[in-house]
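Coordinates in review
Here are the chains, one letter per residue:
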Amino acid sequence: MFPFDVWYFIIILPGVALALYASAKVKSTFARASQMPSRMGWTGAQVAQAILDAEGIHDVAIEPTQGYLSDHYDPTSKVLRLSPDVYSGRSLAAAGVAAHEVGHAIQHAHGYAPLSLRNAVVPMASIGSSLSWIFIMIGIATALQTLAIVGVALFTMVVIFQVVNLPVEFNASARARQVLLTNGMVTQDEDYQIGKVLNAAALTYVAATVTAILTLLYYLWRAGLIGGSSRD
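These notes cover the structure that comes with them. (Residues numbered from 1 in each chain as written. Predicted model: local features only at pLDDT ≥ 70, side-chain atom pairs only at ≥ 80, totals over all residues. Heavy atoms only, no water.)

With that settled, consider the overall build of the protein chain. Looking only at helices and strands, one finds seven helices and three strands in the protein chain. The order of helices and strands in the protein chain, counted from the N terminus, is α-α-β-β-β-α-α-α-α-α. For the protein chain, the residues scored as buried account for 44% of the 232 residues in total. Within the protein chain, contacts between residues at least 6 apart in sequence are counted, and of these 71% link residues at least 24 apart. For the protein chain, the exposed area adds up to about 11200 Å²; of that, 64% sits on carbon and sulfur atoms. (Helix = DSSP H or I, 4+ residues; strand = E, 2+ residues; numbered from the N terminus. Buried < 20%, exposed > 50% of the residue type's maximum accessible area, 1.4 Å probe, protein only. Contact = heavy atoms within 4.5 Å. Areas by Shrake-Rupley, 256 points an atom, 1.4 Å probe, with all protein chains shown as cover.)

Let us look at helix 5 (residues 113–141). Between the first and last C-alpha of helix 5 there are 41 Å, a value that for 29 residues agrees with the 42 Å anticipated at 1.5 Å per step. At Leu131, helix 5 shows its largest kink, close to 45 degrees. Leu115, Arg118, Val121, Ala125, Gly128, Ser132, Ile136, Gly139 and Ile140 are the residues of helix 5 that are buried. Positive phi shows up at Ala143, right after helix 5, with a value of about 60 degrees. (Expected span 1.5 Å × (residues − 1). Bend = angle between axes of the 7 residues up to and from the residue.)

Moving on, we come to the packing of aromatic side chains. A complete count under the given rule lists seven aromatic pairs for this structure. When the ring of Trp7 is compared with that of Trp221, the centres are 6.0 Å apart and the planes differ by 65 degrees; the resulting orientation is edge-to-face. Placement of the pair is Trp7 in helix 1 (residues 6–33) and Trp221 in helix 7 (residues 188–222), with a sequence separation of 214 residues. Their ring planes at 75 degrees and their centres at 5.3 Å tell us that Tyr8 and Phe9 sit as a pair that is edge-to-face. Each member of the aromatic cluster is reached from another via a ring pair, and the members are Trp7, Tyr8, Phe9, Phe155, Tyr218, Tyr219 and Trp221. A cation over a ring is seen here: Arg175 above Tyr112, with NZ or CZ 5.1 Å from the ring centre. (Phe/Tyr/Trp six-rings, centres within 6.5 Å; stacked < 30°, edge-to-face > 60°. Lys NZ or Arg CZ within 6 Å of the ring centre and 35° of its normal.)

In this section: the packing of helix 6 (residues 145–182) against helix 7. For the pair helix 6 and helix 7, the least separation of the axes is 9 Å and the interaxial angle reads 175 degrees. Between helix 6 and helix 7, the angle falls in the class roughly antiparallel. Partitioning the contact of helix 6 with helix 7 into residue classes produces 19 nonpolar, eight polar and three charged. (Axes fitted to C-alpha atoms, helices over the stretch in contact; angles between N-to-C directions. Parallel < 35°, antiparallel > 145°, perpendicular 65-115°, else oblique. Nonpolar A, V, L, I, M, F, W, Y, C, P; charged D, E, K, R; others polar.)

This part covers the nonpolar core. Ile51, Leu80 and Leu180 are the most contacted members of the largest nonpolar core, which totals 32 residues. Residue assignment for this core shows that the elements contributing at least two residues are helix 1, helix 2 (44–54), strand 3 (79–82), helix 4 (92–109), helix 6 and helix 7. Ranked by residues supplied to this core, first place goes to helix 4 with nine residues. Residue contacts for Leu180: discarding those within four places in its chain leaves Val47, Ile51, Ala99, Met185, Val186 and Ile194. (Core = buried A, V, L, I, M, F, W, Y, C linked by side-chain atoms within 4.5 Å.)

As for its position among the elements, Val152 is in helix 6. Taking the C-alpha atoms as reference points, Val152 and Val197, separated by 45 residues in sequence, lie 35 Å from one another. Apart from residues no more than four positions distant in its own chain, Val152 is found in contact with Ile136, Leu216, Tyr219, Leu220, Ala223 and Leu225.

Any functional reading would require information beyond the geometric quantities listed.
Next up, the structure:
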């Protein structure tokens, strides 16, 4: 964040290491589960539609989107967008990822409070991610701690988003797996494999949260708000 500051990389190293491990874990787990055909033989899009129907949700569209594991639910337009491997895939990996994203649609339909909070925080978190370091850097360079505090406050919104996002993601997976099992869409063995895929994906959110918290600690230290005065 600050030019050639080795301390930044030292402080966030645990988060980076966890993120690299999580990324590798997701790729290997998804690749393995992609070779396991589901008993029902449904595509990810069909699994998503079946879950929506089972939950009585009829106002959510399902669309293909480009990118590797770029799957997401858009609560603004009520659209579930699935990557090519998930939308057309007939594997347990495709079923698991599709089910997880439908889990967010279920949360939205039921007014799940953490999801609403996460969506409300998104605009400020986006601003904080882009501008926080500028305020902190200018504040330190000009010895105006007020500016640094503003920057820290902005980045705190990023941390809040990441922290709130954790229960949202874990809950979406839990809801999806429950619907799949309850409605006989998967067997216990299939649910176990799907769980491995979703748990690996959840680790990426944990890594993002850890990295955000460590970055905030670095900002607080550089701004002189913890650990003594700010560094030159």
